[in-house]
Amino acid sequence: EMNALIAAHEDRIDTKAIDLQLSQNLASDIRIVLSWDTDDTDMNLVVIEPNGEKTYSSGYHATTQTGGRMTANHTQGYGPEEFMLKKAIPGVYRVEVRYDSDSRQTLDRGSEVTALVTVFRKFGTPEQTQSHTALRLKTVGETATVAEFTVEE
C-alpha cells in the first residue's frame, strides 16, 4: 500500500525516512482484496479470468496461466485474501465471494457475514482506480458475484 501511494504521489511524499529495502512498487493491472467482519469464518475470494480459468483463495488453484496469484486461505480472523495480476489479458473478469464455513460458537446460529471487496485497476500507478463493494452473505455455501469488469486491449 505504501509503495503504491508513493508511486502515485511521489512528488508530494517525503520518502527520506523509509528504508529502501522496503521500497519496491508492485504495480499490477489488477489487484482484488477481500476482508470480512466475522472471526472463525471461511470466506473465499474467487476470480474468473476471460479465458474461463478460476483461481481460489482456498489454495486449490492459487496461480493462473496468465500469471494471476492468489494469497493463502484464511479461515480465522478477518482476512484479507488477495488476488494480483501484473499483466491482464483483455476480456471480462468476474469476482465472486464464497462463504465456505462457520466455526463460531454462538447460542444463535445466525451465520451472517459482511464481506468487503476492493477492486484496484492499474494498482500502484498514477492511473490507479478502485471500487468497493460490501455485501452480506447469510448462509454457509452461499456464493455471490461482487464485480465484473472488462480489460480492453
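Residues numbered from 1 in each chain as written. Predicted model: local features only at pLDDT ≥ 70, side-chain atom pairs only at ≥ 80, totals over all residues. Heavy atoms only, no water.

1. What to know about the overall build of the protein chain
Filter applied, for reference: Each helix is a run of H or I in the DSSP string that is no shorter than four residues. Each strand is a run of E no shorter than two, and both are numbered from the N terminus. Under the scheme applied here, a residue whose accessible area is under 20% of the maximum for its type counts as buried, over 50% as exposed, and between as partly exposed, the area being computed with a 1.4 Å probe on protein chains only. In what follows, residue pairs with any heavy atoms lying within 4.5 Å of each other are defined as contacts.
If you tally the helices and strands in the protein chain, you get one helix and nine strands. Across the protein chain, helices and strands are ordered from the amino to the carboxyl terminus as α-β-β-β-β-β-β-β-β-β. Every one of the 153 residues in the protein chain was classed for burial, and the buried ones make up 39%. Of all intrachain contacts in the protein chain linking residues separated by at least 6 positions in sequence, the fraction that spans at least 24 positions is 64%.

2. A short note on the packing of aromatic side chains
Inclusion rule: Stacked, tilted and edge-to-face are the three classes applied to pairs of Phe, Tyr and Trp rings, where Trp contributes its six-membered ring and a pair requires centres within 6.5 Å; stacked means planes under 30 degrees apart, edge-to-face means over 60, and tilted covers the rest. In this analysis the charged atom, NZ for Lys or CZ for Arg, is taken to sit over a ring once it is within 6 Å of the ring centre and within 35 degrees of the ring normal.
All chains considered together, the criterion is met by two aromatic pairs. Ring centres of Tyr-93 and Phe-149 lie 5.5 Å apart, and the angle between their planes is 10 degrees; this geometry places the pair in the stacked category. With Tyr-93 in strand 6 (residues 91-102) and Phe-149 in strand 9 (residues 143-151), this pair connects stretches of sequence that are 56 residues apart. The two residues Tyr-93 and Phe-149 agree in class, both being buried. For the ring pair Phe-120 and Phe-123, a centre distance of 5.2 Å and an interplane angle of 70 degrees mean the geometry is edge-to-face. The exposure class assigned to Phe-123 is buried, which follows from its relative accessible area of 5%. Lying over the aromatic face of Phe-123, Arg-31 brings its terminal NZ or CZ to 4.5 Å of the ring centre.

3. A look at unusual backbone geometry
Positive phi, normally seen in glycine, also occurs at Lys-122, with a value near 55 degrees. Residue placement: Lys-122 occurs in strand 7 (residues 113-123).

4. Description of the pairing of strand 2 (residues 41-48)
Let me state the cut-off plainly: Here, a strand pair is defined by DSSP locating no fewer than two bridges between the strands.
Extensive coverage of strand 2 is indicated by the burial of eight of its eight residues. Neither face of strand 2 is left uncovered, since the one carrying Thr-41, Met-43, Leu-45 and Val-47 and the one carrying Asp-42, Asn-44, Val-46 and Ile-48 both have all their residues buried. Pairing of strand 2 with strand 3 (residues 54-56), which is carried by three bridges, proceeds in the antiparallel orientation. Each residue of the ladder has a partner; that of Val-47, found in strand 3, is Thr-55.

5. Brief notes about the environment of Arg-94
Keep this limit in mind: Polar contact criterion, stated in full: a pair of N or O atoms within 3.5 Å, where within protein one must be able to donate a hydrogen and the other to accept it, and residues adjacent in sequence count only if both atoms are side-chain atoms.
Structurally, Arg-94 can be placed in strand 6. Residue classification places Arg-94 among the partly exposed residues on the basis of a relative accessible area of 29%. Placed 48 residues apart in sequence, Arg-94 and Val-46 show a C-alpha to C-alpha distance of 8.3 Å. If we ignore the near neighbours within four places in the chain, the residues touching Arg-94 are Val-46, Val-47, Ile-48, Thr-145, Ala-147 and Glu-148. One polar contact links Arg-94 to Glu-96, side chain to side chain, over a distance of 3.1 Å.

6. Let's talk about the pattern of salt bridges
Rules: Counted as salt bridges are all cases of a side-chain nitrogen of Lys or Arg within 4 Å of a carboxyl oxygen of Asp or Glu.
What the rule picks out here adds up to five salt bridges. Glu-96 is the partner of Arg-94 in a salt bridge, and the nearest nitrogen-oxygen pair spans 3.1 Å. Close ionic contact of Arg-136 with Glu-112 constitutes a salt bridge, the shortest N to O distance being 3.1 Å. Here Arg-136, found in strand 8 (residues 129-137), pairs with Glu-112, found in the loop between strand 6 and strand 7; they are 24 residues apart in sequence, far enough to count as distant. The partly exposed category is assigned to Glu-112, whose relative accessible area is 32%. Residues joined by salt bridges that share partners form a network here, namely Asp-37, Glu-112, Arg-136 and Lys-138.

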